[in-house]
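# Residue-level structural notes
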Amino acid sequence: MRILYGVQGTGNGHISRCRLIAKALQAEGVDVDYVLSGREAHAYFDMQEFGDYRAVPGLTFVTRNGAIDLLATVGRSQPLRLFRDIRQLSLQDYDFIISDFEPVTAWAAKRQNIPSLGISHQASFRYGIPQTGNNLFARLTMRHFAPVHHAVGLHWYHFGYPILPPVIETLQPDNDSGDILVYLPFEAPAAIFELLSRFKSARFICFHPQFTIPVEQNNLCFMPLGRDSFVKALRGCNGVICNAGFELASEALTLGKRLLLKPVQGQFEQASNAMTLELLGLAHVMQRLDPGQVRHWLNAEKAGQVHYPDVATAIAEWLAKGRSESVPDLAERLWRQVIFPEPVMERIHELGLGADLSNGQLMRA
């Protein structure tokens, strides 16, 4: 079996998730090639697991000052290059295509009538999970950005649907350094400094793509992006301030870290993510860079640690065995291994969110 795997490269979350699946697929002996799109080829880092991957421009959204800039997005798009890459991507040597919300491989599979499978957080929005800001543009984007024949969604909770738990690295918390990890790549460093420098009793470790060397500014240390240094800071931090993407929040939850989310404005997925974690009692949310919300969060208690199973290995084994197990059965098997903090379980039951797995009643799609 030979697979072509398309990875959305705009943010590091998609890459982190697919890096784990790539390792697991290699362990299963599955032959996989990778295509990444969404950023300049020279901007990728820590890509060893993807072997001799191919990078194409693809399509991505431009952000400015923590919000999506639609005009800049249109201006920087390369539709002719996108259409050319889709037409020229030959799939004749592959049994099927996997897309983590990556448009070139997904549209090439659709055009060449090759079976395609989506594995992504975005796929969970096909179901009736908590959502906000779901306008026509958001619906068209989710449906047509990277169309696939079948889709497997990933989310922090199943809400009664055949959705899988997050794909995350198994990390162990380190001794608490007292530092706050900050990852707000779509905000200007000056705005981050203005927000956090007033909290002089706290120290903030801020990873940002605009820095190539560490820079100390009062109680902030700006750091360049790097997986090893980021994970080290994450394991030992006292809390995390970040945008409302999926992967980093998932890692923070498994380490029992406090979360303060600032969703990217105009980004339907991030708005829905923030609402979901706030609903579950797993995170605090600020809609703008709000010092009052930061002060409140710094004094808040931790929500507790969420224990998720090794979903990457389960997916790789499922693929290697020809996907003979149904997605609902796979989802049910994995969710039975998840352990939520007791206050979160109480909130889930109070709100009536989804099916009771003790009765084996995940919805069938």
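Residues numbered from 1 in each chain as written. Predicted model: local features only at pLDDT ≥ 70, side-chain atom pairs only at ≥ 80, totals over all residues. Heavy atoms only, no water.

The protein is annotated in an unreviewed UniProt entry as Glycosyl transferase of Tolumonas auensis.

### As for helix α4 (residues 103-112)
Along an α-helix, residues three or four positions apart point the same way, because every turn accommodates 3.6 residues. Just so we agree on the cut-off: Residue exposure (1.4 Å probe, protein chains only): buried if accessible area is under 20% of the type maximum, exposed if over 50%, otherwise partly exposed. Secondary structure follows DSSP: runs of H or I at least 4 residues long count as helices, runs of E at least 2 residues long count as strands, and numbering of each begins at the N terminus. Contacts: residue pairs with any heavy atoms within 4.5 Å of one another. Whenever a nitrogen or oxygen atom comes within 3.5 Å of another N or O atom, the pair is scored as a polar contact, on the condition that within protein one atom can donate a hydrogen and the other can accept it, and that pairs from neighbouring residues in sequence are kept only if both atoms are in side chains.
Among all positions of α4, only Pro103, Val104, Thr105, Ala106, Ala108 and Ala109 are buried. Buried residues belonging to α4 abut β1 (2-8), β2 (31-37), β3 (54-56), α3 (79-88), β6 (96-100) and β7 (116-120). Its side-chain oxygen at 2.9 Å from the backbone nitrogen of Val104, Glu102 defines the N-terminal cap of α4. Asn113 sits one or two residues past α4 and shows a positive phi near 55 degrees.

### Quick word on the packing of aromatic side chains
Quick note on the threshold: Pairing of aromatic side chains requires ring centres within 6.5 Å, counting the rings of Phe and Tyr and the six-membered ring of Trp. Pairs whose planes differ by under 30 degrees are stacked, by over 60 edge-to-face, and all others tilted.
Scanning the entire structure with this criterion turns up 15 aromatic pairs. Arranged with centres 6.0 Å apart and planes meeting at 75 degrees, the rings of Tyr44 and Tyr53 form a pair that is edge-to-face. Residue class for Tyr53 comes out partly exposed when judged on its relative accessible area of 23%. Between Tyr308 and Phe340, the ring centres sit 6.3 Å apart and the planes meet at 85 degrees, which makes this aromatic pair edge-to-face. Linking Tyr308 in the loop between α10 (291-298) and α11 (311-320) with Phe340 in the loop between α12 (327-335) and α13 (342-351), this pair joins segments that are 32 residues apart in sequence.

### Considering the sheet that holds β7
Threshold: For two strands to be treated as a pair, DSSP must find no fewer than two bridges joining them. The convention used is that axes are lines fitted to C-alpha atoms, helices contributing only their stretch in contact, and that angles between N-to-C directions extend from 0 to 180 degrees.
If you trace the 6 strands from one edge of the open sheet to the other, you get β3-β2-β1-β6-β7-β8, paired in parallel fashion. Bordering the open sheet on either side are β3 and β8 (150-153), each of which pairs with just one other strand. This sheet shows a mean twist of 20 degrees between the axes of neighbouring strands, independent of strand direction. Two strands pair when backbone bridges link them, and β7 and β8 are joined in this way by 4 bridges, in the parallel orientation. Residue pairing across strands places Gly118 opposite Ala151, the latter belonging to β8. Contacts between helix α1 (residues 12-27) and the sheet are confined to β1, β2, β6 and β7, with β1 contributing the most and set at about 160 degrees to the helix.

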